[in-house]
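Structural overview for review
Each chain, written out:
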Amino acid sequence: MKSYQIVLLKGDGIGPEIVTQAVKVLDRAAGRFGFTVSYDEALLGGCAIDAAGVPLPPETIEKCKAADSTLLGAVGGPKWDTVPGNLRPEAGLLGIRGALGLFANLRPARIFEQLREASPLKAEIIGDDLDIMVVRELTGGIYFGERGRRTVNGFEAAYDTEMYSVPEIERIARVAFRMAQKRGGRLCSVDKANVLESSRLWRATVERIGKEEYPDIELSNLYVDNCAMQLVRNPKQFDVIVTSNIFGDILSDEASMISGSIGMLASASLSEGKSGLYEPIHGSAPDIAGTGKANPLATILSAAMMLRYSLDEPQAAQAIEDAVSEVLKTARTPDIYTEGMRQVTCEEMGDLVCGLL
Ligand code: NAD
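Residues numbered from 1 in each chain as written. Predicted model: local features only at pLDDT ≥ 70, side-chain atom pairs only at ≥ 80, totals over all residues. Heavy atoms only, no water.

**Overview of the overall build of the protein chain**
Worth spelling out the cut-off: A run of H or I in DSSP becomes a helix once it reaches four residues, and a run of E becomes a strand once it reaches two; helices and strands are each numbered from the N terminus. The globule rule used for comparison is 2.2 Å times the number of residues to the exponent 0.38, while the radius of gyration itself is calculated over C-alpha atoms. Any residue under 20% of the maximum accessible area for its type is buried, any over 50% is exposed, and the rest in between are partly exposed; the area is computed with a 1.4 Å probe on protein chains only. Residue contacts are counted whenever heavy atoms from the two residues lie within 4.5 Å of one another. Where accessible areas are quoted, they stem from the Shrake-Rupley method and a 1.4 Å probe; at the residue level, only the protein chains shown are allowed to cover. For the charge count, each Lys or Arg is scored as positive and each Asp or Glu as negative, with His and the chain ends excluded. Positions of charges follow a simple convention, taking NZ of Lys, CZ of Arg, CG of Asp or CD of Glu.
Within the protein chain one finds twelve helices and 14 strands. A compact globule built from 357 residues would reach a C-alpha radius of gyration of about 21 Å, and the protein chain, at 20 Å, matches this within 12%. Its C-alpha atoms give the protein chain principal-axis dimensions of about 60 × 50 × 45 Å. Per-residue burial for the protein chain yields a buried fraction of 52% across its 357 residues. Contacts in the protein chain between residues far apart in sequence, at least 24 positions, make up 75% of those at least 6 positions apart. Accessible surface for the protein chain amounts to roughly 15600 Å². Of this, 51% is attributable to carbon and sulfur atoms. Of note, the protein chain has its 37 positive side-chain charges centred 2 Å away from the centre of its 49 negative side-chain charges.

**Observations concerning the pattern of salt bridges**
The condition is simple: The salt bridge definition used is simple: a Lys or Arg side-chain nitrogen within 4 Å of an Asp or Glu carboxyl oxygen.
With the rule as written, the count across this model stands at 25 salt bridges. For Arg-208, the salt bridge identified is with Glu-212, shortest N-O distance 3.7 Å. With Arg-208 and Glu-212 both in helix H7 (residues 197–213) and four residues apart, this pair spans about one turn of that helix. Among the ionic contacts, a cluster of salt bridges with common partners joins Asp-81, Arg-88 and Glu-90.

**Remarks on the site of the ligand**
Condition: Any residue with a heavy atom lying within 4 Å of a molecule or strand is counted as near it. Under the rule applied, a polar contact is a pair of N or O atoms within 3.5 Å (in protein, one hydrogen donor and one hydrogen acceptor; residues adjacent in sequence only if both atoms are side-chain atoms).
Close contacts around the ligand come from 20 residues, with Val-75, Glu-90, Gly-283, Ala-285 and Asn-295 the closest. In this structure, Ser-284 approaches the ligand through a main-chain N or O atom, which is 3.1 Å from an oxygen atom. With respect to the ligand, the backbone of Asn-295 contributes an N or O atom lying 2.9 Å from a nitrogen atom. With the chains in place, 69% of the 800 Å² that the ligand exposes on its own is no longer accessible.

**With respect to the nonpolar core**
Selection criterion: Among buried residues, those of type Ala, Val, Leu, Ile, Met, Phe, Trp, Tyr and Cys that are joined through side-chain atoms within 4.5 Å constitute a nonpolar core.
Ranked by size, the top nonpolar core spans 67 residues in total, and within it Leu-106, Val-135, Met-264, Ile-320, Val-324 and Leu-328 carry the most contacts. Leave out the neighbours within four places in its chain, and Ile-320 touches Val-25, Ala-29, Ile-300, Ala-304, Leu-307 and Leu-357.

**A few points about the sheet that holds strand S12 (residues 276–280)**
Formally: Criterion used throughout: strands pair if DSSP finds at least two bridges between them. For helices, the axis comes from a line fit to the C-alpha atoms of the stretch in contact; other axes are also lines fit to C-alpha atoms, and the angle between any two N-to-C directions lies between 0 and 180 degrees.
The ten strands are arranged S2-S1-S3-S12-S11-S4-S5-S10-S8-S9 in an open sheet whose pairing can be described as mixed. Bordering the open sheet on either side are strand S2 (35–41) and strand S9 (218–223), each of which pairs with just one other strand. Taken over all neighbouring pairs, the strand axes of this sheet differ in orientation by 25 degrees on average, direction set aside. Strand contacts of helix H3 (residues 58–66): strand S1 (2–11), S2 and strand S3 (69–74), with the helix running at about 155 degrees to S1, the strand carrying the most contacts.

**Observations regarding the pairing of S2**
For clarity, the cut-off: When the strands point away from the viewer and the connection leading from the first strand across the helix to the second strand turns clockwise, the crossover is called right-handed.
Pairing geometry for S1 and S2, over seven bridges, is parallel. Bridging from a neighbouring strand, Ser-3 pairs with Thr-36 of S2. At this point the chain moves from S1, through helix H1 (residues 15–33), to the parallel S2, and the crossover so formed is right-handed.

**Brief notes about the packing of aromatic side chains**
Defined as follows: For Phe, Tyr and Trp, where Trp contributes only its six-membered ring, two rings pair if their centres lie within 6.5 Å, and the inter-plane angle classes them as stacked under 30 degrees, edge-to-face over 60, or tilted in between. When the NZ atom of lysine or the CZ atom of arginine is within 6 Å of a ring's centre and also within 35 degrees of its normal, the charge is said to sit over that ring.
Per the stated rule, a full pass over the model turns up three aromatic pairs. Relative to Trp-202, the ring of Tyr-164 has its centre 5.4 Å away and its plane inclined at 70 degrees; by these criteria the two rings are edge-to-face. Of this pair, Tyr-164 sits in the loop between strand S7 (155–160) and helix H6 (166–182) while Trp-202 sits in helix H7, placing them 38 residues apart in sequence. Ring centres 4.9 Å apart and planes at 5 degrees place the aromatic pair Phe-177 and Tyr-214 in the stacked group. Of the two residues, Phe-177 is situated in helix H6 and Tyr-214 in the loop between H7 and S9; the sequence distance between them amounts to 37 residues. Neither Phe-177 nor Tyr-214 differs from the other in exposure class; each is buried. Across the ring face of Tyr-159, the terminal group of Arg-150 is positioned such that the distance to the ring centre comes to 4.9 Å. Over the ring of Phe-103 we find Arg-171; its NZ or CZ atom is 4.1 Å from the centre of that ring.

**Concerning unusual backbone geometry**
At Asn-153, a position not held by glycine, the phi torsion is positive, near 50 degrees. Topologically, Asn-153 is positioned in the loop between strand S6 (147–152) and S7. By relative accessible area, Asn-153 is classed as exposed at 72%. Positive phi, normally seen in glycine, also occurs at Ala-285, with a value near 40 degrees. Along the polypeptide, Ala-285 turns up in the loop between S12 and helix H10 (297–309).

Given below as structure tokens:
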């Protein structure tokens, strides 16, 4: 029987509640599909600051490196808002991404049919369903480039640098092309090549990789401003989008909000190997922590992504996604509640998904 070792980074706020539900669902899926999962917990974020004085203790990195994959809840909260920047919970997030070499961030923006009314877009724009995957480069570009301050003409000035090397672009392009092969066969590369030199290299490199290695994929290019507009004008034209760190940060938030419900959105961050870090896109929701109101579905769907992309258990992943889709027909946590549905707690939602599995 196959056995997987997973590190749980429960984090802060609602993190522990939602990860507990995802673990329950993973165990149920394991039982049904004939594999076992063992878990090890490690500290990240505010809870790590409280226990170890830093948001990312070295042993957390070691545990994650040794595991098959990592499931993260969320980090942060008002308690740590006043600590210095490099010691904030969010610094732990950036640190773990760097330490694990997580260069590719996958953000599906999918509308479950049952939640169509939650989308801010009109029904005729969404159509029957919507399923976009945004692939964002995560460890390069302007967030990691040289930055600083200097005096220009007697005034204080600041700068940040956007830089990408050919190998950095090639590896994220390959992730996106492979993703398009598994999905609808279409990839849109997003840049600002009319202005930025780094974007011109990006575009040329993605086009070359497409021509040489993935001639089966239909590749298109869009400028980032146009892409932002097209996402709300005609989102159905997109299958997979690949873009740089900063553009992906913005576009993946825009794309995911088309689904209208932050508690439903999963994400994955992948390294060169098979392992990855899987987490909901929302934060630690300190306003509802401990009340039972948290929606665990984004974390449960993140666990499903883990099964698909890191653990080679696509049938278990599909079964979880189908169970989530099914449960939405009758039960809702308060954030996605509509009249006529049964309102359930975080724990009850986890139980219902397990029941359907
Ligand atoms: P948030 O995503 O935590 O919450 C925004 C709103 O959405 C809140 O009203 C919250 O109650 C609601 N919400 C979020 N997730 C929900 C869920 N699963 N179920 C039901 N409702 C949910 O964003 P915020 O309030 O801006 O940030 C709170 C803290 O989280 C901050 O400390 C922030 O830095 C941190 N944060 C962490 C991550 C992460 O760990 N990846 C991401 C974003 C924000």
